[in-house]
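A structural walkthrough
Single-letter residue listing:
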Amino acid sequence: MFERIERVPGDAILGLIEAFKKDTNPQKVDLGVGVYRDDNGNTPVMRAVKEAETRLLKSETTKTYIGSHGAPAYGDAVLPLVLGADSPVLEADRASATQSPGGTGALRLAADFIAKQLPGKGIWVSDPTWPNHHGIFTAAGIELHKYPYVDADNRLDFDGMLAAIKKIPDGDVVVLHACCHNPTGFDLSAEQWQTVLDVVRERNLLPLIDFAYQGFGQGLDEDAYGVRLFAEQLDEVIITSSCSKNFGIYCERTGCLIAVAKDAEQKDNIRSQFAIVARENYSNPPAHGSAIVSEILHDAELSAMWRDELTEMRDRVNTLRRDFVEALKPYGLDKKYACVGEQRGMFSYTGLTPDQVERLRDEFGIYMVRSGRANVAGFSQQNLPYLARAIAVVNDV
Ligand code: LMR
C-alpha cells in the first residue's frame, strides 16, 4: 500500500530551519521562523523561566496526568493576562481556559470544536495570514475563505477588509490577529478594532482571535486591546493564546484555548465540549510549560523579572526596525522599506518579491519566507550593513 504514497514538500516556514542549518556561508542570516533572537543570533532561555524551572525541580512531586483542561493554576494565571486583571468578563465568570499544546494546539481545538458544533459554518482568514491557519482549518473540514488585508502598495487595506467582512454570511467565523499580525506586522488601530466589532456584531459573526504574540507589539496590555474590547462587548468570542514567544518556551508547547460566553452556564457547556476535543486529539496537554508559566505569574518577583525581560525583547525588536530603515538610507531605499519601521511584532511583510527572496538566499545566505516575510528579531547590529547591501543588490541599486 505504501508504494502509492506521494512525497510532498515540507512546511515552508519550518523547512527554512533545515535549509539555514545546511548553508555554509559564514555570513548567513536567518530571518525565517518566528523565534526571538538576541544580538548574537541565539534564542536564550529567559532568566525568569530558568528560575521557575529550578524551583519546579525541587517542588515537583508527581508526573501524573493533569486533565484535559490542563493545570487549573495555569488557566487562573492566563485568563487575567489575556483578558485583564480587572476584567468584567472574569468578574461575570464568562470565560474559561483550556490549556493546549501551543497556540497551534489551541487553534486545532477551536477548529475541531467549530467543525463539530457549528456544522456548515465557514471560516474567514486574512489574505495573507499565517499559512498554517489554512492547514489547520481545512484539516478539520471547515470551508476556508479569505478577506483582503494588504493592498498592492504593501499597506494595510482596511477598507478592503471591512468591505469583505460586511459580506460574510451570518454566523460564520472570522479569524482576527490580536496583534503583531503574522505575516505582515500591520495591526489594527483602536478605532479600527471598534469598526470591526460593529460589523461582527451586525453580521452575527463568531470572532476567533489568534493571540500568539502578546507583549511583542506595544506591551502586554496594549496588545490585548482588541481581545478585551471584543470579550467585553460581545457575548461570544474564541481566543487562542500562546506562551511560546512571550515566555520563549517554544518547545514546551504551551498555549490556551479561551471561550468567552454569554453567561457562566453557556461557558461551562462549551468548556465541556473543549475537554472532549482535547481528549480526542491528545488526551492531556504536556505539563512542564504550563507549570513554568504559572510559577512565574503567581510569583510577584518572577513576574516582574519576566515583564522586564519581555520589555527588553520588544524594545530591541522595535529599535532594529528603525535601524534597518536607517541602514538602507545610503542606498536611497529607506522610503521604499519605511513600512518595516511602522509595522509591529516579530514580522515584517517587507515587499521583497519571491524572486528577490530567492536571490537573497542563493547569493547572500539570507533566509526568509518566500512571501517576503522577515523575522525582524533576526536582524542584529552586526548583520544590518550586510543585509542592507544585499537588499540594495537585489533591487539593482
Ligand atoms: C512562524 O510563523 O514562524 C511561527 O509562528 C512558527 C510557526 O510555527 O510557523
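Cut-off values and rules
- Residues numbered from 1 in each chain as written.
- Predicted model: local features only at pLDDT ≥ 70, side-chain atom pairs only at ≥ 80, totals over all residues.
- UniProt positions renumbered as here; feature names shortened; annotations may be inferred.
- Helix = DSSP H or I, 4+ residues; strand = E, 2+ residues; numbered from the N terminus.
- Near = placed C-beta within 6 Å.
- Nonpolar A, V, L, I, M, F, W, Y, C, P; charged D, E, K, R; others polar.
- Domains from an automatic or database assignment.
- Axes fitted to C-alpha atoms, helices over the stretch in contact; angles between N-to-C directions.
- Left-handed = near helix turned anticlockwise from the far one by under 90°.
- Contact = placed C-beta atoms within 7 Å.

- Identification of the protein chain as Aromatic amino acid aminotransferase apoenzyme from Vreelandella subglaciescola is taken from an unreviewed UniProt entry.
- Under Cofactor (unreviewed entry), UniProt gives the following word-for-word description of the protein chain: "pyridoxal 5'-phosphate".
- Heading Subunit (unreviewed entry) of the UniProt record for the protein chain holds this comment: "Homodimer."

Re the UniProt feature "domain: Aminotransferase class I/classII large" (unreviewed entry) in the protein chain
- Per the UniProt record, "domain: Aminotransferase class I/classII large" (unreviewed entry) is found at residues 27–391.
- In residues 27–391, helix accounts for 45% and strand for 13%; the two terminal C-alpha atoms are 14 Å from one another.

So, the site of the ligand
- Surveying the vicinity of the ligand reveals the residues I13, V33, G34, W130, N132 and N182.
- The residue makeup of the shell around the ligand, split by class, is three nonpolar, three polar and no charged.
- When residues of the shell around the ligand are assigned to domains, at least three map to each of domain 1 (11–45 + 311–394) and domain 2 (65–298).

Some points on the packing of helix 5 (residues 102–117) against helix 6 (residues 131–139)
- For the pair helix 5 and helix 6, the least separation of the axes is 9 Å and the interaxial angle reads 40°. As for how helix 5 packs across helix 6, the hand of that crossing is right-handed. Judged by residue contacts, T104, L107, R108 and A111 of helix 5 engage N132, I136 and F137 from helix 6.
- The residue makeup of the contact of helix 5 with helix 6, split by class, is four nonpolar, two polar and one charged.

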